[in-house]
Amino acid sequence: MEKFLSTMLPRYTKLFDDIMPSINHWSRLTIRALYYLLNLVSHGPTNSKILAKHLPFINHVLKIVETPTFYKKLDDEISTPEASLVYETVSLLSNTVSEPEILSHIKQKKV
C-alpha cells in the first residue's frame, strides 16, 4: 500500500487540482468517486507518514470540509453522497493528525 500511495498521491493531487475550481458543481457521481478515493487513501496505519509528504493533497481535503455545499447537506439526510464525503474527509483528517507535520499544516491553515 505504501508504494501504491507514494505513486498515486501526486496523481490524486493533480486530479483535485483540476476539479476543485468546480467544487460547488460536482455531480453526485463525482462526489461518490471522491468518497471512495479518500476511503482508499485513509486505509492503513502507515498512510499518515506518506500523506505528510503530500500536503497539497491535504489542502484539497481541507477545502472539501470548508465548502458550504457539503457541510450544509449534513442537516438534510445522513445518507447523501455529500454527507458521506464530508464524513470520510473528517475521518481521514482525524486519522492523520497524529502525524506532527500534518497537524502543524492544518493549524497553519486555520481550519
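Residues numbered from 1 in each chain as written. Predicted model: local features only at pLDDT ≥ 70, side-chain atom pairs only at ≥ 80, totals over all residues. Heavy atoms only, no water.

Tallied over the entire structure, the rule returns 3 salt bridges. When the shortest N-O distance is used, the salt bridge between Lys14 and Asp18 registers 2.7 Å. Of the two residues, Lys14 and Asp18 both sit in helix α1 (residues 2-19), 4 residues apart, roughly one turn of that helix. Lys14 sits in the partly exposed class, given a relative accessible area of 45%. Taking relative accessible area as the criterion, Asp18 reaches 48% and is therefore assigned partly exposed. For Lys49, the salt bridge goes to Glu99, with nearest N and O atoms at 3.7 Å. Of the two residues, Lys49 is situated in helix α3 (residues 47-51) and Glu99 in the loop between α6 (81-96) and α7 (100-109); the sequence distance between them amounts to 50 residues. Residue Lys49 is classed as exposed on the basis of its relative accessible area, which comes to 55%. (Salt bridge = Lys/Arg side-chain N within 4 Å of Asp/Glu carboxyl O. Helix = DSSP H or I, 4+ residues; strand = E, 2+ residues; numbered from the N terminus. Buried < 20%, exposed > 50% of the residue type's maximum accessible area, 1.4 Å probe, protein only.)

Bringing the environment of Leu38 into the picture now. Structurally, Leu38 can be placed in helix α2 (residues 28-41). Owing to a relative accessible area of 0%, Leu38 belongs among the buried residues under this scheme. The sequence separation of Leu38 and Ser98 amounts to 60 residues, and the corresponding C-alpha distance is 18 Å. Sequence-distant contacts of Leu38, defined by excluding residues within four places in its chain, comprise Phe16, Phe57, Val61, Ile64, Leu85, Glu88, Thr89 and Leu92. (Contact = heavy atoms within 4.5 Å.)

As a further point, take the side chain of Thr89. Note that Thr89 resides in helix α6. Polar contacts involving the side chain of Thr89 include one to the main-chain carbonyl oxygen of Val86, which spans 2.7 Å. Those residues in contact with Thr89 that lie beyond four places of it in its chain are Leu38, Val61, Ile64 and Val65. (Polar contact = N/O pair within 3.5 Å; in protein donor to acceptor, adjacent residues only side chain to side chain.)

So, about a nonpolar patch on the surface. A cluster of nonpolar side chains, namely Met1, Phe4 and Leu40, defines an oily patch on the protein surface of about 250 Å² accessible area. Examined against the element boundaries, Met1 turns out to sit in the segment before α1. Judged by its relative accessible area of 43%, Met1 falls in the partly exposed class. (Patch = residues over 30% accessible without salt bridge, like charges linked within 9 Å, V, L, I, M, F, W, Y side chains within 5 Å. Areas by Shrake-Rupley, 256 points an atom, 1.4 Å probe, with all protein chains shown as cover.)

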